[in-house]
Each structure stands twice: as structure tokens, then as C-alpha cells.
Amino acid sequence: MDQGRRELIKGAGAFACGMLLLTVRNAHATPATMQAAITSVFGNAEIGKGRVTLDIPTLVENGNTVPLTVSVESPMTATDYVKAIHIFNEKNPQPNVIGIHLGPRAGKAGISTRIRLADSQKVVAIAQMSDGSVWSDEVDVIVTLAACVESL
Amino acid sequence: MARPLINVPPKAKRGQVIEVKTLISHVMETGFRPSSIGEVLPRDIITQLVCSYNGEEIFRADLSPAIAANPFITFHTVATESGTLTFTWTGDNGFSESGQASITVE
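Small disclaimer: the values here were computed from a predicted structure and weren't measured.

Draft legend 1. A look at the overall build of chain A. Of the regular secondary structure elements, chain A holds two helices and nine strands. Taken from N to C terminus, the helices and strands of chain A fall in the order α-α-β-β-β-β-β-β-β-β-β. The buried share of chain A, reckoned over its 152 residues, is 38%. Expressed as a percentage of contacts within chain A between residues at least 6 apart in sequence, the contacts between residues at least 24 apart total 71%.

In C-alpha cells form, the structure reads like this:
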């Protein structure tokens, strides 16, 4: 009988956690909306892994300012350069973070900035080369204090 | 009000890749945050930063509410000739701010 009660409490706990996760998920963008945003920018281009390095802390204390650096391997010559770099997230209210447009005059393809993260989630950086090929890198980030939840 | 800070090396060798750092003070209100009385504050962000080197556009960034307050953006460019780099920030509610930095190329 004791065993039964224990199971029941465990089950109720799991259910409550599940409900909490569901409600939290619904308030934000989802991986599907991120995928839609990626498709709207790059079309159905095949996205390869590599050449892009996304440098972002994997454990973030304050989601209001998260330092982020993206760099892309490219010779950056007049014929072979990085055209654009876009950054997306899964669970902020909107999937887009930043989109930058470069030319061969950049010399080195990469940017640093500070972003907001509303939840622990995956951040994806995607770069488009001048020859049309598309490359990406992704990092899972754990956020302890989320952005956008309280007024400052 | 929103005075931008721009950091460009004052001197560079021809063909050298230089780092350009920009910072501008702006709240970057997301449009999702409630105010102290519970109403959602309307969106007020900088949407674009454009940098031109002697009149030619070399860098453009489209920003979103996911960029932290006081947008800080660092990028690179090749020092091709002496001149000025012009930076223009534009945003919601008619926000527009620009700044310049000069560079001497040897």
C-alpha cells in the first residue's frame, strides 16, 4: 500500500512538471518557428555543419546580456567570401537574433555582440558564402536568469 | 542622448585587417516586457546599423529585440585607404544617430 502511494506521488509530480514545461513552451517560440525563420532567410538550401564557429558561454547567469562571437572560415577574397551571417534562437519570443551582411572588404568574417536569451535553449549561427553554400554551428545554452520576464 | 562610442585604430598599414568596435546607448525595449503597471511596453529598438568606408557600404547589421540593451557590435574590415568610416544607426520611432571615425593608412 505504501508502495502504491509512493508511485502515485511520483506520477503526480511528473505530471505537474510536464504541465509546467508545456505551459512554458507555449509562451515562447518553438524549434519549429526557428526552422521557419531559417527557411525564410535561406530557402531550402542545404545547410552543412562546420566552417562556422559560434562562441557563447554554455552556462549563462544573466540572460539579459549574453556575449556572443561568431567567426567563419573563409579566405575573404573578391571571389570567395562570406555574404551573410544570421543568428537564430529556439525559445525567445521571436526566432531572429541578428542578421549581418558582409562583403570581401571585411577581411575577416566574424562579429561580436551581446544578446538576450529568454530561456535555456539552442542558439544557431548560419553563414552564407558567396558561392551560395550555407554552413552552420549550434550551441546549447543554459540560462539561469531569463531575459524579458520582469521589468527592470 | 544616444551618444555612440566608436573604436577604430587611428593608424593602420595598407591591407591590414582592423577591428571596429561600436557601442550606442539605447534601451532596446523588446515589446514583450510588462511595465510596473502591467501593460506591455511598446517595442522601441534599433533595427539597423550601417557602416560605410569613404562612402562605400562595408557592413550592415539587422538587429532584433533579442539584442541586449546598448547594442555593442564588433566587426572587421580591411584598411584600404585613409579616410573616414561613417556609422548610421536607425530604429523605431524615427530613431537615427550617426558617428564618424577617421583612419590614416600608411
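Following the structure, the description resumes.
Draft legend 2. Representation of the interface of chain B and chain A in the model. Across the boundary between the two partners, chain B contributes 26 residues, which contact 27 residues of chain A. Of all the secondary-structure elements, those providing two or more residues to the side of chain B that touches chain A are strand S5 (56-63) and strand S6 (72-78) of chain B. When residues of the side of chain B that touches chain A are assigned to their parent elements, the largest contribution, seven residues, is made by S6(B). Taken together, the residues of the side of chain B that touches chain A break down into 16 nonpolar, seven polar and three charged. Where strand S7 (residues 110-115) of chain A meets S6(B), two bridges bridge the pair, whose relative direction is antiparallel. By the bridge assignment for S6(B), Thr113(A) is matched with Ile73(B).

Draft legend 3. Here's a closer look at the pairing of strand S8 (residues 96-105) of chain B. All names here are of chain B. Across the ten residues of S8, one count as buried, placing the element largely on the outside. For strand S2 (residues 11-12) and S8, the ladder comprises two bridges, and the chain directions are parallel. By the bridge assignment for S8, Lys11 is matched with Thr104. For strand S7 (residues 83-91) and S8, the ladder comprises eight bridges, and the chain directions are antiparallel. Residue pairing for S8: Thr86 is matched across the bridge by Gln100.

Draft legend 4. Up close: the environment of Glu73(A). Looking at the element boundaries, Glu73(A) is found in the loop between strand S4 (66-72) and strand S5 (82-89). Exposure remark for Glu73(A): the 14 C-beta atoms within 10 Å place this residue in the partly exposed category.

Cut-off values and rules
- Residues numbered from 1 in each chain as written.
- Chains lettered and ligands numbered in written order.
- Predicted model: local features only at pLDDT ≥ 70, side-chain atom pairs only at ≥ 80, totals over all residues.
- Helix = DSSP H or I, 4+ residues; strand = E, 2+ residues; numbered from the N terminus.
- Buried ≥ 20, exposed ≤ 12 C-beta atoms within 10 Å, placed from the backbone.
- Contact = placed C-beta atoms within 7 Å.
- Nonpolar A, V, L, I, M, F, W, Y, C, P; charged D, E, K, R; others polar.
- Pairing = 2+ DSSP bridges.

In short, geometric facts, not functional conclusions.
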